[in-house]
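Summary of structural features
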Amino acid sequence: MMREKRKSWIAVSSAIGASVVISHGAVATTSPHTSLAPATLLTAPGPMMEGEGEGAVSVDLTTNDSAFLAQLGLIRGHLWVGMKLYEQGHLEMAKTHMKHPGDELYAGLVSAFEARDLPGFAKPLSDLADSVNNDADKAVVMENYAALKDAIAANEPLASMTAAEVLKSIASMLLTSADEYAIGIKQNQVVNVHEFQDAYGFQQIALSRLDALSEAQQAGAEEAIAETRKVIQGLDELWPTTTPEGELEGDASLIYGAASRIEMEANGI
């Protein structure tokens, strides 16, 4: 499956004339469901790489802020779409997106937290998951979600990053979103709604990253940020609903292309 995804990525990059160099491990080629060594990701050196692990390089989440921020963004994305479903009344679906500290995605970040002398957010993560899974009162769930978002923010290096680094992190998130979308929608048929939903959460958190940039970070990068916002918002039509069934016209290559475009914008700052 990863070979098919990589071929799609190559085709999209070629089609838009991209000559993208994925520098400093900014664009991750693994999905959150891939087995990872602690605090590492495998990344491709560029879009022309084909196949899983062929010529891949290791990215150290203990030192690579773009990759680290992207992984935190994936956790945010899972939770965002879970809470969206919760608020829409799709409680059983919402529960499937809740995370615990023992889950692979969070566990793979523990070394990165320790290296940065960060507290992590294991307890608030558990608190939210437990309150949703145990059908707690809505006020409790919403309070736990607000506390968790604050706890995640306290661990994010966003404020100390450049706009280019943040855009590369966004590109990484969209690449994972594309991978998940490709699993969820095949030949215009909904085959895995959970992965479709995850892809939506990742896209939405990628967009929200732009709103978190300070004026100092935006200085000199206004055009790249504006273009990135336009590119991400242009993907909205891929998710007409959070709970599709049957037929849905959707193409993951559009998300791969968006990731490539944003990487190019980052490299041009």
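Residues numbered from 1 in each chain as written. Predicted model: local features only at pLDDT ≥ 70, side-chain atom pairs only at ≥ 80, totals over all residues. Heavy atoms only, no water.

1. A closer look at the nonpolar core
Membership of the largest hydrophobic core comes to 39 residues, with the highest contact counts inside it found for Ile170, Leu174, Tyr181 and Trp239. Put simply, the parts of the chain that give this core at least two residues each are α2 (65-87), α8 (163-184), α9 (193-211), α11 (222-233) and α12 (252-267). Not counting chain neighbours up to four residues away, the residues in contact with tyrosine 181 comprise Glu195, Phe196, Ala199, Leu238, Trp239, Leu248, Gly250, Asp251, Ala252 and Ile255. Residues Ala70, Met83, Ala94 and Leu105 belong to the second largest nonpolar core, which totals 32 residues. (Core = buried A, V, L, I, M, F, W, Y, C linked by side-chain atoms within 4.5 Å. Buried < 20%, exposed > 50% of the residue type's maximum accessible area, 1.4 Å probe, protein only. Helix = DSSP H or I, 4+ residues; strand = E, 2+ residues; numbered from the N terminus. Contact = heavy atoms within 4.5 Å.)

2. Some points on the packing of aromatic side chains
Tallied over the entire structure, the rule returns 8 aromatic pairs. Between the aromatic rings of phenylalanine 68 and phenylalanine 113, the centroid separation amounts to 5.9 Å while the plane-to-plane angle is 75 degrees, which identifies the pairing as edge-to-face. With phenylalanine 68 in helix α2 and phenylalanine 113 in helix α5 (residues 110-115), this pair connects stretches of sequence that are 45 residues apart. With respect to class, phenylalanine 68 is no different from phenylalanine 113; both count as buried. Judged by centre distance (5.5 Å) and plane angle (45 degrees), the ring pair of tyrosine 106 and phenylalanine 113 falls under tilted. For tyrosine 106, a relative accessible area of 7% puts it in the buried group. The exposure class assigned to phenylalanine 113 is buried, which follows from its relative accessible area of 3%. Note that arginine 116 overlies the ring of phenylalanine 68, its terminal NZ or CZ placed 4.0 Å from the centroid. (Phe/Tyr/Trp six-rings, centres within 6.5 Å; stacked < 30°, edge-to-face > 60°. Lys NZ or Arg CZ within 6 Å of the ring centre and 35° of its normal.)

3. Some points on the pattern of salt bridges
Inspection of the entire model under this criterion finds 9 salt bridges. Among the salt bridges present, the one from glutamate 92 reaches lysine 95, with a minimum N-O distance of 3.3 Å. On the criterion of helical spacing, the pair formed by glutamate 92 and lysine 95 is a turn pair, its members being 3 residues apart in helix α3 (residues 91-95). As a salt-bridge pair, lysine 95 and aspartate 135 come within 3.1 Å of each other at their nearest N and O atoms. Within this pair, whereas lysine 95 is found in helix α3, its partner aspartate 135 is found in the loop between α6 (122-133) and α7 (138-153), the two being separated by 40 residues in sequence. The exposure class of aspartate 135 is exposed, given its relative accessible area of 53%. The network of salt bridges with common partners includes Arg76, Glu156 and Arg209. (Salt bridge = Lys/Arg side-chain N within 4 Å of Asp/Glu carboxyl O.)

4. Description of the confidence of the model for the protein chain
Taken over all residues, the pLDDT of the protein chain has a mean of 84, while the share at 70 or more is 79%. Predicted confidence for residues 1-57 stays below pLDDT 50, and this span has 125 contacts to residues more than four positions away or in other chains. (pLDDT = per-residue confidence, 0-100.)

5. Re the packing of α6 against α7
It is at 9 Å that the axes of α6 and α7 come closest, and there the two elements cross at 155 degrees. Viewed along their axes, α6 and α7 adopt a mutual orientation that is roughly antiparallel. α6 and α7 meet at a crossing whose hand is left-handed. Across from Pro124, Leu125, Asp127, Leu128, Ser131 and Val132 in α6, the residues of α7 making contact are Val140, Val141, Asn144, Tyr145, Leu148 and Ala151. Tallied by class, residues from the contact of α6 with α7 come to 9 nonpolar, 2 polar and 1 charged. (Axes fitted to C-alpha atoms, helices over the stretch in contact; angles between N-to-C directions. Parallel < 35°, antiparallel > 145°, perpendicular 65-115°, else oblique. Left-handed = near helix turned anticlockwise from the far one by under 90°. Nonpolar A, V, L, I, M, F, W, Y, C, P; charged D, E, K, R; others polar.)

6. Things to note about unusual backbone geometry
Positive phi is not limited to glycine here, since aspartate 117 has a value of about 55 degrees. Its place among the elements puts aspartate 117 in the loop between α5 and α6.

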